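# Results of the structural survey
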Amino acid sequence: DGGITQSPKYLFRKEGQNVTLSCEQNLNHDAMYWYRQDPGQGLRLIYYSQIVNDFQKGDIAEGYSVSREKKESFPLTVTSAQKNPTAFYLCASSIAVWGADTQYFGPGTRLTVL
Amino acid sequence: QKEVEQNSGPLSVPEGAIASLNCTYSDRGSQSFFWYRQYSGKSPELIMSIYSNGDKEDGRFTAQLNKASQYVSLLIRDSQPSDSATYLCAVNMAGRGSTLGRLYFGRGTQLTVWP
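Bear in mind the structure is a predicted one, so any value in this text is a computation, not a measurement.

By size, the foremost hydrophobic cluster in this structure holds 25 residues, and its most contacted members are Val 4, Trp 35, Val 72, Leu 74, Ile 76 and Tyr 87 of chain B. Secondary structure elements with two or more residues in this core: strand S3 (19–25), strand S4 (33–38), strand S5 (45–50), strand S7 (61–66), strand S8 (71–76), strand S9 (85–94) and strand S11 (109–114) of chain B. With 5 residues, S9 of chain B is the single largest residue contributor to this core. Among the nonpolar cores identified, the runner-up in size contains 19 residues, and Val 19, Met 32, Ile 46 and Tyr 89 of chain A belong to it.

The next point concerns the packing of aromatic side chains. This model, assessed by the stated rule, comprises 10 aromatic pairs over all chains. Measuring from ring centre to ring centre gives 5.5 Å for Phe 105 of chain A and Tyr 36 of chain B, while their planes differ by 85°; the resulting arrangement is edge-to-face. On the criterion of chain membership, the pair formed by Phe 105 of chain A in strand S10 (residues 104–105) and Tyr 36 of chain B in strand S4 is interchain, its members lying in two chains. Just as Phe 105 of chain A is buried, Tyr 36 of chain B falls in that class too. Members of the aromatic cluster, joined through ring pairs, are Tyr 33, Tyr 35 and Phe 105 of chain A together with Tyr 36 and Phe 105 of chain B. The ring of Phe 88 of chain A has Arg 110 of chain A lying over it, and the distance from NZ or CZ to the ring centre is 4.3 Å. Stacked on the ring of Tyr 104 of chain B, the Lys or Arg Arg 102 of chain B has its end atom at 4.0 Å from the ring centre.

Rules behind the numbers
- Residues numbered from 1 in each chain as written.
- Chains lettered and ligands numbered in written order.
- Predicted model: local features only at pLDDT ≥ 70, side-chain atom pairs only at ≥ 80, totals over all residues.
- Heavy atoms only, no water.
- Core = buried A, V, L, I, M, F, W, Y, C linked by side-chain atoms within 4.5 Å.
- Buried < 20%, exposed > 50% of the residue type's maximum accessible area, 1.4 Å probe, protein only.
- Helix = DSSP H or I, 4+ residues; strand = E, 2+ residues; numbered from the N terminus.
- Phe/Tyr/Trp six-rings, centres within 6.5 Å; stacked < 30°, edge-to-face > 60°.
- Lys NZ or Arg CZ within 6 Å of the ring centre and 35° of its normal.

As structure tokens, this is what we get:
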């Protein structure tokens, strides 16, 4: 089945730790995105990538890092510099760059800081 | 400032009624509009996309777009309890110095359909 997978589903982080969230897609989409969602809030863009080995900051990139070494994979690292990382993290992909292309979402990772 | 505003909820309708969800956006040049449904604890799933002025129907769902008024809406006919979810409006708006756009999301409207 084609789709987007994210792992883990739940993640707990201690203060000062870096953690990496996985996102994989087999839709052959060029573009991938990371969003953060807090309770009662809309989706806020963290990073996006339009092509392998290239990525751009979104609205709230501070404290996060990404890589795009393969077309299928776009992992997100939440660093210790991110002061309030507890949130629901959503990965999405689309056929190409922004514009008319529909974005499809993975199931999400819920991160909690202990 | 790119903004997408949705009517504040929660919205509560009885089963079988029409639910009306509204969204306004700030960028007059926007060309692509999407409605996503998000169940509690789950990720958003696409319901409708609309690109031209007027109505677009898909089953019980109708999206309506009025670019002159910068307004897009979603109507759900014959509402069912399974429609109870948060509905997110997303609008493609152009980025700085580029014709390429990006999606901006509203905060969502929570809909409850009671039996």
